[in-house]
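What follows is each chain in one-letter form.
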Amino acid sequence: MKRVDDFRLKFGDKEYVPIMIGGMGVDISTTELALEAARLGGIGHISDAMVEDVSDRKFDTTFVKDKTRLYKHNINNMDKSEVQFDLGRLAEAQRRHVGDTMQRKQGPGLIFVNCMEKLTMNGPKETLRTRLNAALDAGIDGITLSAGLHFGSFALMADHPRFREAKLGIIVSSVRALQIFLRKNQKLDRLPDYVIVEGPLAGGHLGFGPEDWKDYDLHTITREVLDYLKGENLDVPVIAAGGVFTGSDAVSFLEMGAAGVQVATRFTVTKECGLPDEVKQEYFKATEEDVIVNGISPTGYPMRMLQQTPAIGSGIRPGCESYGYLLDATGNCAYINSYNREVTANGGSDKGIKVMDKTCLCTHMRNFNCWTCGHYTYRLKDTSFKKPDGSYQLLTAEHVFKDYQFSTDNSIALPEKEF
């Protein structure tokens, strides 16, 4: 029986272990997690979601504090159109985060950054251009374009000297999305270096409709993308993602022709993951019924999370003066509209209000209070040991990575007991 280690992901004449760790924000996929993937010969992601806040935590910069001070006068104003990011400082934060990661990289693998198109930041094109080019400046091995269709994103990097050197990939959930992307970018004469096909069992935002995600499965979508690329004589590696919980799951995609798999859920309970330890225990304890898909994200995409997440029903005041990552080109956010509706219904007071239909994604992700997760999160308890106090032993990224790499028969290797 084959193992993941019997396959290799090829970029040109270079080969890698075909395991890619997904880029979970905000700093859930930490530098340390990505470094482990690269050290072990695979591919790790960091995320640039809320990169100024990530920089403040890592390097004691003051990007968020300074932005808050600049727009303090606007905190009680529900019109957020004047709240803008300083593009120079945004680029500085991105270069710090990416540059520090790349300077510390060891081993034969690669490190990519996940860039979400839906982080519109009250200036969609300008802020995305800044983030993409700053990541290239800082020497990132590759960029994965996520959370959006990214039809114009390649063009935003086309003048950068590393545009054809760095690996550039896109996430799609249908062959049609890939077809449109390729058609829109034909004039650039620059194919994506890889395509991540993300199915309906993935964590966080899903590239499907509010209900129709249930009508799809990853094997079918992956086969459709592989067949399309083959029919067009396009040699683009395909990475399967979403619900790949064991090494045997991964092998099933590799045998059908995928070049690799992207995995994330099992790494949420590793020591290197950026989630607080108490939140990791919530993931361990989750039941199948706890894992839900809802529409509370202001992005408009359905999102999978734990139903006990504190973000659901919170009536927190919008924190756009500090964060504002979901503000669209006109300074609007679906959460602001829902918040204002509840305040109005409460006689103009925000005391004790609950906003059930949307959430302040920026603030709650920043505080690790939006517990997004993959479909198989409820199986995490089977990957470790329950300690006498009722908590579960955290894993190491190396242990999980190697379990994917070498396991067979859908088995999951338990760690060495630490108690």
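Cut-offs applied
Throughout, a residue's number is its position along its own chain's written sequence, starting from 1. Where totals are concerned, whole chains, interfaces and linings use all residues; where local detail is concerned, this predicted model gives features only for residues with pLDDT of at least 70, and gives and counts side-chain atom pairs only at 80 or more. Note: side-chain values were computed over all heavy atoms of the structure, leaving out hydrogens and water. One bridge is not enough; two strands pair if DSSP finds at least two bridges between them. Elements are defined by DSSP. Helices are runs of H or I of four residues or more, strands are runs of E of two residues or more, and each kind is numbered from the N terminus. Three exposure classes are used, based on accessible area relative to the maximum for each residue type with a 1.4 Å probe and protein chains only: buried under 20%, partly exposed in between, and exposed over 50%. The handedness rule is simple: strands pointing away from the viewer, and a clockwise path from the first strand over the helix to the second, make the crossover right-handed. Nonpolar core, defined: a set of buried Ala, Val, Leu, Ile, Met, Phe, Trp, Tyr and Cys residues in which side-chain atoms within 4.5 Å join the residues together. Throughout, a contact is declared for two residues whenever any of their heavy atoms are within 4.5 Å. Computed over the protein atoms alone on a 1 Å grid, cavities are sets of points where a 1.4 Å probe fits but cannot get out and pockets are open sets with protein on both sides within 12 Å along at least five of seven lines; a residue lines them when it has an atom within 4 Å of a point. Grid points are joined across faces, edges and corners, and a volume is the space filled by probe spheres set on the points. Note on residue categories: nonpolar means Ala, Val, Leu, Ile, Met, Phe, Trp, Tyr, Cys or Pro, charged means Asp, Glu, Lys or Arg, and polar means any other residue, Gly included. For this analysis, a salt bridge means a side-chain nitrogen from Lys or Arg found within 4 Å of a carboxyl oxygen belonging to Asp or Glu.

*Asks:* I'd like a description of the sheet that holds strand E13 (residues 303-306), backed by residues and values.
*Replies:* In space, the three strands of this open sheet follow the order E9-E13-E12, with antiparallel pairing throughout. Looking along the sheet, the strands with just one partner apiece sit at the ends: strand E9 (204-205) and strand E12 (291-294). By the bridge criterion, two bridges tie E9 to E13 in an arrangement that is antiparallel. The partner of His205 across the bridge, within E13, is Met303.

*Asks:* I'd like a description of the pairing of strand E4 (residues 43-47), backed by residues and values.
*Replies:* With five of its five residues buried, E4 lies for the most part within the structure. Burial along E4 is two-sided: Ile43, His45 and Ser47 and Gly44 and Ile46, pointing in opposite directions, are all buried. Pairing of strand E3 (residues 19-21) with E4 involves two bridges; the strand directions are parallel. The residue of E4 that forms the bridge with Met20 is Ile43. In terms of handedness, the path from E3 via helix H1 (residues 31-39) over to E4 forms a crossover that is right-handed.

*Asks:* Give me the lowdown on the nonpolar core, citing residues and values where you can.
*Replies:* Counting 87 residues, the largest nonpolar core has Ile140, Ile143, Leu178, Phe267 and Tyr283 as the members making the most contacts within it. Of the residues forming this core, the biggest block, six residues, is contributed by helix H8 (residues 218-231). Ignoring sequence-local partners within four residues, the contact set of Ile143 consists of Val113, Cys115, Leu132, Ala135, Leu136, Met157, Lys167, Leu168, Gly169 and Tyr194.

*Asks:* Go over empty space enclosed by the protein with me, naming the residues and quoting the values.
*Replies:* By the definition in use, this model includes one cavity of 30 Å³ or more. One number sums up the size of the largest cavity: a volume of about 90 Å³. Lining the largest cavity are 16 residues, and of these Cys320, Leu326, Cys333, Cys360 and Cys362 sit closest to its centre. Elements with a minimum of two residues in the lining of the largest cavity: helix H11 (334-345) and helix H12 (361-366). Of the residues in the lining of the largest cavity, the class split is 13 nonpolar, three polar and no charged.

*Asks:* Can you explain the pattern of salt bridges? Please cite residues and give values.
*Replies:* As enumerated under the stated definition, the model contains 28 salt bridges in all. In this structure, Arg131 and Asp48 form a salt bridge, with 2.7 Å as the shortest nitrogen-oxygen distance. With Arg131 in helix H5 (residues 124-137) and Asp48 in the loop between E4 and helix H2 (51-59), the pair connects residues that are 83 residues apart, well separated along the chain. Accessibility assignment for this pair places Arg131 and Asp48 in one class, buried. As a salt-bridge pair, Asp277 and Lys280 come within 3.6 Å of each other at their nearest N and O atoms. With Asp277 and Lys280 both in helix H10 (residues 277-285) and three residues apart, the pair spans about one turn of that helix. With relative accessibility at 44%, the residue Asp277 sits in the partly exposed group.

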